[in-house]
Amino acid sequence: DTEVTQTPKHLVMGMTNKKSLKCEQHMGHRAMYWYKQKAKKPPELMFVYSYEKLSINESVPSRFSPECPNSSLLNLHLHALQPEDSALYLCASSLGGGGRAKNIQYFGAGTRLSVL
Amino acid sequence: AQKITQTQPGMFVQEKEAVTLDCTYDTSDPSYGLFWYKQPSSGEMIFLIYQGSYDQQNATEGRYSLNFQKARKSANLVISASQLGDSAMYFCAMREDNTGANSKLTFGKGITLSVRP
């Protein structure tokens, strides 16, 4: 089973709203990721959590706030977003660990976010 | 310089025929991994196949195979017996193992494949 579950599938929010995206996996993976993807572009890495600690923040604006409550769950809290933040937000997970491990990232189906 | 290059314009293939999607990469790291993902219009990124830089044989997964030519730094995806459900965008990606951030994937721009009935 390589399932990563993301909720909601679609989200429309105003620029003053606060909302959260949720990501869950039960594969025992210890690394989890948030990506942002614009139409017909490759995904752009936002955050990486490794063993529940934030290990990479790709200079993401503070209106995006990640949280990893436990090894199976990853949240992305959204506040005061801009229309240009409208995109597909993808969550991924992998076994973690370094070196030559395959460390394949498995992705969820994404949340399509529209900011009005 | 781009680390992953996918230069083919939109690709078309007849159902049941084979198709090759090109990917070249650039790294000075001797240890790296190469990945191919499929993204249908629904949005989910689906992992297809993995090739490690030290793997002696080309990777295969069902109808997918990876033509790995290390000296040429290419990792082309071959899809045999194309099906209508193969119509999607395909991304090549690389992970470099000795950069200190081996969790990061570098993606190419992607190739759109359309399978004709």
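Being a predicted model, the structure only gives us computed values, none of them experimental.

A. Spotlight on the overall build of chain B. Along chain B, the regular secondary structure elements total zero helices and 12 strands. For chain B, the succession of helices and strands along the chain, N to C, is β-β-β-β-β-β-β-β-β-β-β-β. Against the compact-globule benchmark of 13 Å for 117 residues, chain B has a radius of gyration of 14 Å, which places it among compact chains. Its C-alpha atoms give chain B principal-axis dimensions of about 45 × 30 × 20 Å. Expressed as a percentage of its 117 residues, the buried residues of chain B come to 50%. If you take every contact in chain B between residues at least 6 apart in sequence, the share linking residues at least 24 apart comes to 56%. Surface accessibility of chain B: about 5500 Å² in total, with carbon and sulfur atoms responsible for 47%. Considering chain B, the positive charge centre built from 11 side chains and the negative charge centre built from 11 side chains are found 4 Å apart.

B. Focus on the environment of Q83(B). Within the element layout of this structure, Q83(B) appears in the loop between β9 (74–79) and β10 (88–96). Along the backbone, Q83(B) and P117(B) are 34 residues apart, and their C-alpha atoms lie at a distance of 8.4 Å.

C. Highlighting the nonpolar core. All names here are of chain B. By size, the foremost hydrophobic cluster in this structure holds 26 residues, and its most contacted members are L21, W36, L77 and Y90. For this core, the secondary-structure elements that each account for two or more residues are β2 (11–14), β3 (19–21), β5 (32–39), β6 (46–52), β8 (64–69), β9, β10 and β12 (111–116). Broken down by element, the residue count for this core peaks at four residues, all from β10.

Quick notes on the rules
Residues numbered from 1 in each chain as written. Chains lettered and ligands numbered in written order. Predicted model: local features only at pLDDT ≥ 70, side-chain atom pairs only at ≥ 80, totals over all residues. Heavy atoms only, no water. Helix = DSSP H or I, 4+ residues; strand = E, 2+ residues; numbered from the N terminus. Rg over C-alpha atoms; globule rule 2.2 N^0.38 Å. Buried < 20%, exposed > 50% of the residue type's maximum accessible area, 1.4 Å probe, protein only. Contact = heavy atoms within 4.5 Å. Areas by Shrake-Rupley, 256 points an atom, 1.4 Å probe, with all protein chains shown as cover. Lys, Arg positive; Asp, Glu negative; His and termini not counted. Charge placed at Lys NZ, Arg CZ, Asp CG, Glu CD. Core = buried A, V, L, I, M, F, W, Y, C linked by side-chain atoms within 4.5 Å.

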